[in-house]
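# Breakdown of the fold
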Amino acid sequence: TIEPDDVLLPGSPHPVGGFLHGGYQMQGAGWRGSGAIAARVGDFASLLGVAGFHNNLFRDGHDNIIPFTGDNASTVMGRLQWRPGFHRFDLSALHFQDDHQIPISANTATTTSVTDRRTEQQALSARWSWADPGMPLLNPQVVVYRNRVRLAEQRLTGSRALDSTELVPTGLDLQNTSRFGLFGWDRHVLTIGMELYRDGQEGGQN
């Protein structure tokens with residue numbers, strides 16, 4: 001959800017900015033980090049951000065290894081914004097990936113069937129909104145989005161089959177926000193909208 005304005009200070013004379021964070025934890029011998037770079041030229045702004053972490057197996061208070069607690073995750077996100085007048089256009093794309101080993105029945109104590117699981121998610125969205133301070137009753141917003149989530153589970157025991165599941169929601173979100181005064185109170189906000197979406201699901205085993 002990070003935006004160019006979170007990296008570039010409003011009114012700053014510098015058209016480019018960024019940050020880099022990093023860390024390490026002894027428990028699980030894990031590292032983590034994030035960074036972003038953003039640029040603004042006139043009414044246009046763009047951002048590229050990355051984040052990720054890696055940790056090995058955790059240990060409990062008796063220094064015993066806790067199985068299936070290792071994890072590797074990474075995220076890459078890009079945004080492009082255009083702000084002509086009272087209009088706001090925003091395109092965003094995100095890719096997330098997580099790799100870890102876990103029992104297939106993760107909510108039980110059964111560990112006889114273990115899988116090497118990879119979760120991938122791609123999220124695309126296009127947003128338009130309009131806000132004129134002189135027209136507080138009219139602040140429309142339209143969002144078109146498409147997400148794709150794929151789970152690939154390579155069983156490490158038993159049949160050693162490869163299970164795959166894919167979820168693809170696509171949708172359209174419409175809304176308008178009105179700000180007005182009523183009965184002496186001038187901070188009323190009314191949002192009316194609707195959402196249309198379609199969910200697709202597919203699964204298989206090799």
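A quick note: this is a predicted structure, and the numbers were derived from the prediction, not measured.

## A short note on the overall build of the protein
Secondary structure assignment for the protein yields zero helices and nine strands. Ordered by position in the sequence, the α and β elements of the protein form the string β-β-β-β-β-β-β-β-β. The C-alpha atoms of the protein give 23 Å as radius of gyration, which overshoots the globular expectation for 206 residues (17 Å, by more than 25%). By its C-alpha atoms, the protein is 65 × 40 × 35 Å across when sized along the principal axes. Counting every position in the protein, which comprises 206 residues, the buried fraction comes to 25%. When the accessible surface of the protein is split by element, carbon and sulfur atoms take 59% of a total near 13500 Å². Within the protein, the 21 negative side-chain charges are centred at a point lying 1 Å from the centre of the 17 positive side-chain charges.

## Describing the layout of surface pockets
Estimated volume of the largest pocket: approximately 270 Å³. What lines the largest pocket is a set of 13 residues, and nearest its centre among them are Thr1, Arg79, Ser92, Ser125 and Arg127. Counting residues per element, the ones that place at least two in the lining of the largest pocket are β4 (71–82), β5 (87–103), β6 (114–130) and β7 (140–155). By residue number, the principal contributor to the lining of the largest pocket is β6, which donates four residues. Residues of the lining of the largest pocket, tallied by class, amount to six nonpolar, four polar and three charged.

## What about the pattern of salt bridges?
Side chains that differ in charge, positive against negative, can pair when their charged atoms come close. Under the definition given, this model contains eight salt bridges. In this structure, the salt-bridge partner of Glu120 is Arg118, at a minimum N-O distance of 4.0 Å. Ionic pairing is found between Arg148 and Glu166, a salt bridge with its closest N-O pair at 3.1 Å. Of this pair, Arg148 sits in strand β7 while Glu166 sits in strand β8 (residues 162–182), placing them 18 residues apart in sequence. Overall, the relative accessible area of 24% leaves Glu166 in the partly exposed class. Among the ionic contacts, a cluster of salt bridges with common partners joins Asp99, Arg118 and Glu120.

## Concerning a nonpolar patch on the surface
Together, Val16, Ile37, Leu48, Val50 and Val76 make up a nonpolar patch on the protein surface, roughly 420 Å² of accessible area in all. Among the secondary structure elements, Val16 is positioned in strand β1 (residues 16–25).

## Section: the sheet that holds β5
In spatial order, the strands read β1-β2-β3-β4-β5-β6-β7-β8-β9; together these nine strands make up an open sheet with antiparallel pairing. Two strands bound the open sheet, and with one partner strand each, they are β1 and β9 (185–205). This sheet shows a mean twist of 10 degrees between the axes of neighbouring strands, independent of strand direction. Where β8 lies against β9, 19 bridges are found, and the strand directions are antiparallel. By the bridge assignment, Phe180 is partnered in β9 with His188.

## Examining the confidence of the model for the protein
Counting all residues, the mean pLDDT for the protein is 91, and 96% of those residues have values of 70 or more. When mean pLDDT is compared element by element in the protein, β4 scores highest at 96, while β9 scores lowest at 92.

## Some words on unusual backbone geometry
Not every positive phi belongs to a glycine, and Asp63 is a case in point at roughly 65 degrees. Here Asp63 shows up in the loop between β3 (44–55) and β4. Of note, the phi angle at Phe68 is positive, near 60 degrees, even though the residue is not glycine.

## Some points on the side chain of Asp173
Tracing the backbone through its elements, the reader meets Asp173 in strand β8. There is no salt bridge for the buried Asp173, and the closest opposite charge comes from Arg127, which lies 6.7 Å off by N-O distance. Not counting chain neighbours up to four residues away, the residues in contact with Asp173 comprise Gln141, Val142, Val143, Met194 and Glu195.

Cut-off values and rules
- Residues numbered from 1 in each chain as written.
- Predicted model: local features only at pLDDT ≥ 70, side-chain atom pairs only at ≥ 80, totals over all residues.
- Heavy atoms only, no water.
- Helix = DSSP H or I, 4+ residues; strand = E, 2+ residues; numbered from the N terminus.
- Rg over C-alpha atoms; globule rule 2.2 N^0.38 Å.
- Buried < 20%, exposed > 50% of the residue type's maximum accessible area, 1.4 Å probe, protein only.
- Areas by Shrake-Rupley, 256 points an atom, 1.4 Å probe, with all protein chains shown as cover.
- Lys, Arg positive; Asp, Glu negative; His and termini not counted.
- Charge placed at Lys NZ, Arg CZ, Asp CG, Glu CD.
- 1 Å grid on protein atoms, 1.4 Å probe; cavity = no way out; pocket = protein on both sides within 12 Å on 5 of 7 lines; lining within 4 Å.
- Points joined across faces, edges and corners; volume = space filled by probe spheres on them.
- Nonpolar A, V, L, I, M, F, W, Y, C, P; charged D, E, K, R; others polar.
- Salt bridge = Lys/Arg side-chain N within 4 Å of Asp/Glu carboxyl O.
- Patch = residues over 30% accessible without salt bridge, like charges linked within 9 Å, V, L, I, M, F, W, Y side chains within 5 Å.
- Pairing = 2+ DSSP bridges.
- Axes fitted to C-alpha atoms, helices over the stretch in contact; angles between N-to-C directions.
- pLDDT = per-residue confidence, 0-100.
- Contact = heavy atoms within 4.5 Å.

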